[in-house]
Amino acid sequence: MKQSRQDDIIQDRMRPGVITRDGLLGHDRRPLRDILEADDAEVRRLGLTHAAIAARMRALRDAGAEGLGEPVTVLDHFEVRVDSVRGLLPCPFPHEGLCRKEFVDVRNLRSGGQVVYTELNIHLIEAHGFYEGLGAPFRQEPAILARVLEI
Amino acid sequence: MTALLIAVGVLCAINTGLALLLMLAAATLGRVGPCRITINGEKEMTVAGGRSLLATLKDERIFIPSACGGRGSCGLCKVTVLEGAGPLLPTETPWLTPEEQKANIRLACQVKVRRDLQIRIPDELFQVKQYRARVADLTDLTHDIKQVTLDLEDPPEIHFKAGQYIQLEVPPYALTDEPVYRAYSVASGPADTRRIELEIRYVPNGICTTYVHKHLRVGDTVTLNGPYGEFGLTDSDAEMLCIAGGSGMAPIKSILTEMARTGNPRRCRYFFGARARRDLFLLEFMRELEKTLPDFRFIPALSNPDPADHWEGEVGRVTEVVARHVRDASQAEAFLCGSPLMIDACIQVLREKGMPESKIFYDKF
């Protein structure tokens, strides 16, 4: 699908200094539409959906939040720590609502894998199928999410 | 061939002309001249236009609280703009309720000064000053919390209420190419007007916390502004339930220090949550306060004590310990400081114990 004018506006809001200091695009020079389509294809290749990935991320976040900032063991072999700092982040896509500034650190004690994601990541994947651009600080690789979170 | 050369020449001339036109437009249309800002109908100032209202006011030494450095991600820098702000921006609307939008409340970091403005700000913000201070001491309170002691130099004194916070400026360094501000509660008591203490927990890759933990040295000069915030001791006799974790210790310590100085007789229970013994700090200070204050108890709680800690105190999350200790909170007041997650969890427990939300105090970041 061709990048629309609306996509351009959204992509501008993903640049460094607009919503977050480092932005959501990293060193990725591709148009937003291409980033979305590539990750969508990857998720389908994995036999998953964005909703399923986001649901697993959210379930682990919710369980980890019980620790009030301390690590919590979830499902016997995940160590989950949810930290939150002051402030809220808007989504770069045009709709209302804000995400808390939360960091979810998940360690799979069985495999040794680790992923760190934010509440904004969960929302972006769930609502927009956006995993952030390559090289972005919180870029989520669908395959790594699937492997570490055992989706 | 000649026709081709003429066509190329004409094309080049048109392109050059267009480029010059664009440069001229950028240099003239984009430039904003001096603008007048009228504050609270009284104070007037003429400023250079083109920057955000937040940055412009800061240059005029009027400091609007902001925890994100003007990125539009904290929603703190709300001011009333009666005239000249232009339409609401999509970056502002998520932060403003319909009532606030109707009342012309805007985010100062998002409003650009492009024409004359009429704004309204709380009078107490005129009391906020910028300070130059020298780092007098840096002490590791735990493996990830540092106490920063600052001697004020210019101006040499600060007057604040226990529980308030300041904004510390981080100069450009490896993690930021522009100065940024972050909010920290003052940990020392307000009676000490020449020196303030901050307690800063290290956050991996955090711009300010990395600067403080890895780069700041004793003797360095820093810039801060403040004081800000409404969090603090209330004028009441009600029992106090203080709940904090990590660097949330700071404002509670300031409040307790002031209570000790003034001989405040209020019953006070202070629940402090940590993971293990190595995350606890200021234990001796708190034990001393237990002797000084008429009715004060410090109740540290460890969520996951190490066997080597030989911990005999409370075990569990701080919210669980509060729930065990407090039967009826309907007549008490709560003072909370910690991560948003912790505050949310505390509010839930306190509500279950009968405390009305109007009696639960915390900085609303």
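In this text, all values refer to a predicted model and were calculated from it rather than measured experimentally.

S.K.: Which residues make up the state of the cysteines, and what values do they have?
M.R.: Residue and element names in this part refer to chain B. Across all of its chains, the model carries zero disulfides over all chains by this definition. Free of any disulfide, C35 has its nearest neighbouring cysteine sulfur in C109, separated by 18 Å. Just so you know, C337 is unpaired, no disulfide at all, and the nearest cysteine sulfur is the one on C242, 11 Å from it. With a relative accessible area of 6%, C337 lands in the buried category.

S.K.: Explain the pairing of strand 13 (residues 268–274) of chain B to me, using residue names and the numbers behind them.
M.R.: All names here are of chain B. Of all seven residues making up strand 13, seven are buried, and the element is well covered by its neighbours. Alternating positions in strand 13 separate into two faces, C268, Y270, F272 and A274 on one and R269, F271 and G273 on the other, with burial throughout. Bridge analysis of strand 12 (residues 240–245) against strand 13 gives six bridges, and the strand direction is parallel. Looking at the pairing, L241 lines up with R269 of strand 13. For the segment spanning strand 12, helix 5 (residues 249–262) and strand 13, crossover handedness is right-handed. Relative to strand 14 (residues 296–302), strand 13 runs parallel, the two being bridged by seven bridges. Within the sheet, the bridge partner assigned to F271 lies in strand 14 and is I299. The β-α-β motif built from strand 13, the intervening helix 6 (residues 283–292) and the parallel element strand 14 has right-handed crossover chirality.

S.K.: An account of the pattern of salt bridges is needed here, citing residue identities and associated values.
M.R.: All names here are of chain A. Considering all chains together, one arrives at 38 salt bridges over all chains under this definition. The shortest N-O distance in the salt bridge between D28 and R30 comes to 2.7 Å. With a relative accessible area of 8%, D28 lands in the buried category. For R30, a relative accessible area of 26% translates into the label partly exposed. Of the charged contacts, one joins R61 and D62 as a salt bridge, the two residues approaching to 2.9 Å between their closest N and O atoms. What makes D62 partly exposed here is its relative accessible area of 39%. One network of salt bridges, in which partners are shared, links R61, D62, R100, E102 and E119.

S.K.: Which residues make up the sheet that holds strand 16 (residues 333–337) of chain B, and what values do they have?
M.R.: Residues and elements named next belong to chain B. With parallel pairing, six strands are arranged side by side in an open sheet as 15-14-13-12-16-17. Looking along the sheet, the strands with just one partner apiece sit at the ends: strand 15 (314–315) and strand 17 (360–361). Taken strand by strand, helix 6 contacts strand 13 and strand 14, and its axis lies near 150 degrees from that of strand 14.

S.K.: Requested: an account of unusual backbone geometry, with residues and values cited.
M.R.: Residues and elements named next belong to chain B. Of the consecutive residues D154 and P155, the connecting peptide bond is found in the cis state with omega at -10 degrees. If you trace the backbone, P155 turns up in the loop between strand 7 (145–154) and strand 8 (165–170). Geometrically, the link from G226 to P227 is a cis peptide bond, its omega value of 0 degrees lying close to zero. Relative to the helices and strands, P227 resides in strand 11 (residues 221–228). A positive phi angle, near 60 degrees, is found at L282, a position not held by glycine. With relative accessibility at 18%, the residue L282 sits in the buried group. We note that H310 has phi near 50 degrees; this positive angle belongs to a residue other than glycine. Turning to its location among the elements, H310 is positioned in the loop between strand 14 and strand 15. Overall, H310 belongs to the exposed group, its relative accessible area being 64%.

Conventions adopted
Residues numbered from 1 in each chain as written. Chains lettered and ligands numbered in written order. Predicted model: local features only at pLDDT ≥ 70, side-chain atom pairs only at ≥ 80, totals over all residues. Heavy atoms only, no water. Disulfide = S-S within 2.5 Å. Buried < 20%, exposed > 50% of the residue type's maximum accessible area, 1.4 Å probe, protein only. Helix = DSSP H or I, 4+ residues; strand = E, 2+ residues; numbered from the N terminus. Pairing = 2+ DSSP bridges. Right-handed = clockwise from strand over helix to strand, strands pointing away. Salt bridge = Lys/Arg side-chain N within 4 Å of Asp/Glu carboxyl O. Contact = heavy atoms within 4.5 Å. Axes fitted to C-alpha atoms, helices over the stretch in contact; angles between N-to-C directions.

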